[in-house]
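A closer look at the structure
For reference, the chains in residue letters:
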Amino acid sequence: MINVTKTYLGDIDKFKTYVEGIYARGWLTNHGPLVCQLEERLKEYLGVRHVILTNNGTLALQVAYRALGLNGSAVTTPFSFVATSSSLQWEGIRPIFADIDAQTWNISPEHIESRIVSDTTAIVGTHVFGNPCAVERIEEIARRRNLKVVYDGAHAFAVRHAGQSVLNWGDISTLSFHATKLFHTIEGGAIITNDDELARKVHLLCNFGIVDVDKIDGIGINAKLNEFSAAMGLCILDDIENILQQRAEIAHRYTTRLGDYVDLQKPQDDSQLNHSYYPIALRDEQQLLRVRSALNTNGINPRRYFYPSLDTLEYLQPQAAQTASRSLSERVLCLPIYPGLQLEDQERVIATVIAECSLGRAPYQAPDLASAI
Ligand SMILES: *Cc1c(COP(=O)(O)O)cnc(C)c1O
């Protein structure tokens, strides 16, 4: 089965060398040397001031909300992975949805303002599929309305906007390093901020509020990354340019071939994407179900990211219906994209999608594989 993604595993000998070091030191967690090394390398690679590694991307969000002292409600996107909203609700912050932009698929600045209520303390956006949010306009709204901004950057590793990491926008951005993500540490995540005081708070919150052996300063939780996970991250970071390059090539091939048959996400201006996903929007849900079943028959397993629209979730009611998000979530399918995806497999995906989408169009001509490389 060709799945929507395939976990990237770095060089096993390199990983073994790191593991031997862990055995020699006997230091398995609690901000060990490999965690420190990975934080340093990520700071440099991403071009950000602080990187605090966490044991997953969901706790990274929860700690971010705590560090910023959020309460009441937050205006957020209905088109994201469920953790963006559930983490707010878990922390006692009521998510209020603002609809998405039908082109970029990100939370729309046009809708944010009208959704702000008296107890709103933040805007929480997701750079969905790695496409940067309208960060300049969101920043302007947040400043004027005195709100904090958190970006769920789980898809935005290595994404750049206006000449720098997109993670530099907002008070805090978070990352997920789950095994299915472009860059991963098996399970893991990170909190990114350029504010020194906020970084200090985040460190404390991630480690039970422990300042030193004799002092606890406020409530905290255990959000620490372990050394084995950091070792995986260090191995994969060595290969990151190759990973990004292969993804860009696969994405380019999809766009060239499928652009006339399906709707595609409009990239934010002045942005450099990471092709962490390859989402297509079909005409309607019927067509999506037909395409999915045809792909399944051909041994291909695409995924409906993100369905359902989060404003429909039972435990988040009452919510106003977010029509653009609902419409999109019924039509979006993510196609396989990962380093090592074979050309003939991608061609099979393309041919299947085109066959289902070209009713009433000229028949699809499979290209000569040798000349298509
Ligand atoms: C993967 C993901 C998360 C959750 O990250 P975990 O590391 O799995 O906890 C949060 N938000 C988005 C948008 C994601 O894709």
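The present account deals with the structure reproduced in this document. Just so we're clear, the structure is a prediction, and the values are computed from it rather than from any experiment.

1. A look at the packing of helix α1 (residues 12-25) against helix α2 (residues 33-46)
It is the contact of α1 with α2, at a shortest axis distance of 11 Å, that shows an interaxial angle of 135°. Here α2 runs oblique to α1, going by the angle between their axes. Touching Tyr18, Ile22 and Arg25 of α1 are Pro33, Leu34 and Gln37, all from α2. A class-by-class count of the residues in the contact of α1 with α2 yields 4 nonpolar, 1 polar and 1 charged.

2. Some thoughts on the environment of proline 279
Checked against the element boundaries, proline 279 lands in strand β14 (residues 278-281). The exposure class assigned to proline 279 is buried, which follows from its relative accessible area of 7%. Once the C-alpha coordinates of proline 279 and leucine 335 are considered, the two residues, 56 residues apart in sequence, prove to be 6.2 Å apart. When neighbours within four sequence positions are excluded, proline 279 is seen to be in contact with Trp105, Phe129, Leu264, Gln265, Val332, Leu333 and Cys334.

3. Regarding helix α4 (residues 83-90)
Every buried residue of α4 is listed here: Ala83, Thr84, Ser85, Ser87 and Leu88. Buried residues belonging to α4 abut α3 (57-67), β3 (73-76), β4 (94-97), β5 (120-126) and β6 (148-152). Of the residues flanking the end of α4, it is glycine 92, one or two places downstream, whose phi is positive at about 75°.

4. A short note on the nonpolar core
By size, the foremost hydrophobic cluster in this structure holds 49 residues, and its most contacted members are Leu42, Leu53, Ile112, Phe157 and Phe183. Those elements that place two or more of their residues in this core are α1, α2, β2 (50-54), α6 (135-145), β6, β10 (189-193), α8 (227-238) and α9 (240-258). By residue number, the principal contributor to this core is α8, which donates 7 residues. Setting aside chain neighbours within four positions, we find isoleucine 112 in contact with Val75, Ala98, Ile107, Ile123, Ile138 and Ile141. Within the second largest apolar cluster, 24 residues are counted, among which are Ile52, Ala74, Ile93 and Ala199.

5. Section: the packing of α3 against α4
Between α3 and α4, the least distance of the axes is 9 Å, while the angle of their chain directions is 45°. Compared by their axis directions, α3 and α4 come out oblique. The handedness of the crossing between α3 and α4 comes out as right-handed. The residues of α4 that touch α3, namely those facing Thr58, Leu61, Gln62 and Tyr65, are Ala83, Thr84, Ser87, Leu88 and Trp90. Residues of the contact of α3 with α4, tallied by class, amount to 5 nonpolar, 4 polar and no charged.

6. Let's talk about the site of the ligand
Of all residues adjacent to the ligand, which total 14 residues, the nearest are Gly57, Thr58, Asp152, Ser176 and Lys181. With respect to the ligand, the side chain of aspartate 152 contributes an N or O atom lying 2.7 Å from a nitrogen atom. With respect to the ligand, the side chain of serine 176 contributes an N or O atom lying 2.7 Å from an oxygen atom. Protein chains shield 92% of the accessible area of the ligand, which is 380 Å² for the free molecule. Of all the secondary structure elements, the ones that give two or more residues to the shell around the ligand are α3 and α4.

7. Looking at the pattern of salt bridges
On inspection of all chains with the given rule, the structure shows 18 salt bridges. Close ionic contact of glutamate 113 with arginine 144 constitutes a salt bridge, the shortest N to O distance being 2.9 Å. Of this pair, glutamate 113 sits in helix α5 (residues 109-115) while arginine 144 sits in helix α6, and the two are 31 residues apart along the sequence. Of the charged contacts in the structure, one is a salt bridge between arginine 145 and glutamate 113, with a shortest N-O distance of 3.0 Å. In this pair, arginine 145 sits in helix α6 while glutamate 113 sits in helix α5, placing the two residues 32 residues apart along the sequence. With relative accessibility at 26%, the residue glutamate 113 sits in the partly exposed group. Here the residues in one salt-bridge network are Glu113, Glu140, Arg144 and Arg145, joined through shared partners.

8. Let's talk about the environment of glycine 21
Relative to the helices and strands, glycine 21 resides in helix α1. When its relative accessible area of 18% is taken as the criterion, glycine 21 is described as buried.

9. A word on the sheet that holds strand β8 (residues 164-165)
Spatially, β8-β7-β13 is the arrangement adopted by the 3 strands of the open sheet, whose pairing is antiparallel. Two strands in the sheet have a free side with no partner beyond their single neighbour: β8 and β13 (271-272). Across 2 bridges, the pairing between strand β7 (residues 160-161) and β13 is antiparallel. Following the sheet pairing, arginine 160 is matched in β13 by glutamine 272.

10. Some remarks on the pairing of β6
Within β6, 4 of the 5 residues are buried, leaving the element largely enclosed by the surrounding structure. Relative to β6, β5 runs parallel, the two being bridged by 5 bridges. Bridging from a neighbouring strand, valine 124 pairs with valine 150 of β6. Handedness of the β-α-β unit built from β5, α6 and β6 comes out right-handed. In the sheet, β6 pairs with strand β9 (residues 172-176) via 3 bridges, with the strands oriented parallel. Across the sheet, valine 150 pairs through a bridge with isoleucine 172, a residue of β9.

Thresholds applied
Residues numbered from 1 in each chain as written. Predicted model: local features only at pLDDT ≥ 70, side-chain atom pairs only at ≥ 80, totals over all residues. Heavy atoms only, no water. Axes fitted to C-alpha atoms, helices over the stretch in contact; angles between N-to-C directions. Helix = DSSP H or I, 4+ residues; strand = E, 2+ residues; numbered from the N terminus. Parallel < 35°, antiparallel > 145°, perpendicular 65-115°, else oblique. Contact = heavy atoms within 4.5 Å. Nonpolar A, V, L, I, M, F, W, Y, C, P; charged D, E, K, R; others polar. Buried < 20%, exposed > 50% of the residue type's maximum accessible area, 1.4 Å probe, protein only. Core = buried A, V, L, I, M, F, W, Y, C linked by side-chain atoms within 4.5 Å. Left-handed = near helix turned anticlockwise from the far one by under 90°. Near = heavy atom within 4 Å. Polar contact = N/O pair within 3.5 Å; in protein donor to acceptor, adjacent residues only side chain to side chain. Areas by Shrake-Rupley, 256 points an atom, 1.4 Å probe, with all protein chains shown as cover. Salt bridge = Lys/Arg side-chain N within 4 Å of Asp/Glu carboxyl O. Pairing = 2+ DSSP bridges. Right-handed = clockwise from strand over helix to strand, strands pointing away.

No statement about biological role is implied by the geometric values presented.
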